Amino acid sequence: MWSKSKAVLLISGAVALIAAEPPLWVSAELDDVEFRARLVRDVNEIQSRLGDDLDREFILVELQVRPLYNSEVILSRDDFLLRSYRNNERSQAQSPDRIAGEAVLVLGEGGSGGGVFSQENRTVFGGGLPGTGLPGAYPRTGVGGGVSGGVSVPSATESQRQTGPLADRLAAIELPIGPTREPVNGFLFFQVNPKHKIKHLVLNYNGSAGECKIPFKPR
């Protein structure tokens, strides 16, 4: 008969194996472009890359974009929307300065999706910007780096993680915005609750190359 300690060891080993599995990549292809994407919801990975967990209010999407047949694809943050099938929570890709720009004044509080305006007349979400706690001026700091899923992103020292502006770090790893005929990769940032189950999340693309949905539900 197995002891309880052996059963605990087996369960712990199974959990470790699951955690060691590579991240789930999903893909979609249109006539002129191919997308590969994975969700980044793990707070440890976000903290490692940015030196900041974004108050656990954001999901990152690591995205690889490959134009086909020498086609030009024009990429915009507005092209991408992350949505939950469960409760229809949604967010377009957010710019680094909207997430962590200097001199941002939050004028209201509430859930993600509601809009208020910043000191610089930029719309920010009513839940406040990550780390504010209460409405007020919002300078943020933090830098990180690393390599994941075969996609290289700029690295940084531990000192830079603590002293460099978070907006600069976000900009350094963001998916390049604008026209391209070459493969590009990077991250997009969505203010969607990271506690959503993977099977409920879908990335919608509607841009210069057409429209498609990229569900993250495991097949």
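Residues numbered from 1 in each chain as written. Predicted model: local features only at pLDDT ≥ 70, side-chain atom pairs only at ≥ 80, totals over all residues. Heavy atoms only, no water.

Considerations on the packing of aromatic side chains
Counted by the stated rule, this structure contains three aromatic pairs. Between the aromatic rings of Phe35 and Tyr205, the centroid separation amounts to 4.7 Å while the plane-to-plane angle is 50°, which identifies the pairing as tilted. Here Phe35 is found in strand 2 (residues 33-40), whereas its partner Tyr205 is found in strand 15 (residues 201-207), with 170 residues between them in sequence. Across this residue pair, the class does not change: Phe35 and Tyr205 are buried. For the ring pair Phe80 and Tyr205, a centre distance of 5.3 Å and an interplane angle of 45° mean the geometry is tilted. One end of the pair, Phe80, is in strand 5 (residues 80-84); the other, Tyr205, is in strand 15, with 125 residues separating them in the sequence. (Phe/Tyr/Trp six-rings, centres within 6.5 Å; stacked < 30°, edge-to-face > 60°. Helix = DSSP H or I, 4+ residues; strand = E, 2+ residues; numbered from the N terminus. Buried < 20%, exposed > 50% of the residue type's maximum accessible area, 1.4 Å probe, protein only.)

Digging into the sheet that holds strand 14 (residues 184-190)
With respect to topology, four strands assemble into an open sheet ordered 1-2-3-14, the strand pairing being antiparallel. Every other strand in the sheet has two partners, leaving strand 1 (26-29) and strand 14 as the edge strands with one partner each. Going from strand to strand, the sheet's axes swing by 25° on average, the running direction of each strand aside. In the packing of helix 2 (residues 43-50) onto the sheet, the strands contacted are strand 2, strand 3 (59-67) and strand 14, and the crossing angle to strand 2 comes to about 105°. (Pairing = 2+ DSSP bridges. Axes fitted to C-alpha atoms, helices over the stretch in contact; angles between N-to-C directions. Contact = heavy atoms within 4.5 Å.)

Re the side chain of Thr180
Counting through the fold element by element, Thr180 comes out in strand 13 (residues 178-180). A distance of 2.8 Å separates a polar atom in the side chain of Thr180 from the backbone oxygen of Glu182. (Polar contact = N/O pair within 3.5 Å; in protein donor to acceptor, adjacent residues only side chain to side chain.)

A look at the nonpolar core
Grouped together as the largest cluster of nonpolar side chains are 28 residues, with contacts concentrated most on Phe35, Phe80, Phe190, Leu203 and Phe216. Of all the secondary-structure elements, those providing two or more residues to this core are strand 1, strand 2, strand 3, strand 4 (73-75), strand 5, strand 14, strand 15 and strand 16 (210-215). Sequence-distant contacts of Leu203, that is, excluding residues within four places in its chain, are made with Ala37, Val61, Leu63, Phe80, Leu81, Leu82, Phe190, Cys212, Lys213, Ile214 and Phe216. (Core = buried A, V, L, I, M, F, W, Y, C linked by side-chain atoms within 4.5 Å.)

Concerning the sheet that holds strand 6 (residues 90-92)
Read across the open sheet, the four strands follow the order 6-5-15-16; overall the sheet is antiparallel. Edge positions in the sheet fall to strand 6 and strand 16, since each of these pairs with one other strand and no more. Each strand axis lies, on average, 15° off the axis of its neighbour in the sheet, ignoring direction. Sheet topology places strand 5 next to strand 15; five bridges connect them, and they run antiparallel. Within strand 15, the residue paired with Phe80 across the bridge is Tyr205.

A closer look at the side chain of Gln191
With respect to the helices and strands, Gln191 occurs in the loop between strand 14 and strand 15. Of the polar contacts made by the side chain of Gln191, one reaches the side chain of Glu57; its length is 3.4 Å.

Quick notes on the pattern of salt bridges
Applying the stated criterion across every chain, the model contains six salt bridges. Residue Arg38 pairs with Glu45 through a salt bridge whose shortest N-O separation is 2.5 Å. Its relative accessible area of 3% is what places Arg38 among the buried residues. Its salt-bridge partner being Arg56, residue Asp53 comes within 3.7 Å of it at the nearest N-O pair. A single salt-bridge network, built from bridges that share partners, covers Arg38, Glu45, Arg49 and Glu62. (Salt bridge = Lys/Arg side-chain N within 4 Å of Asp/Glu carboxyl O.)

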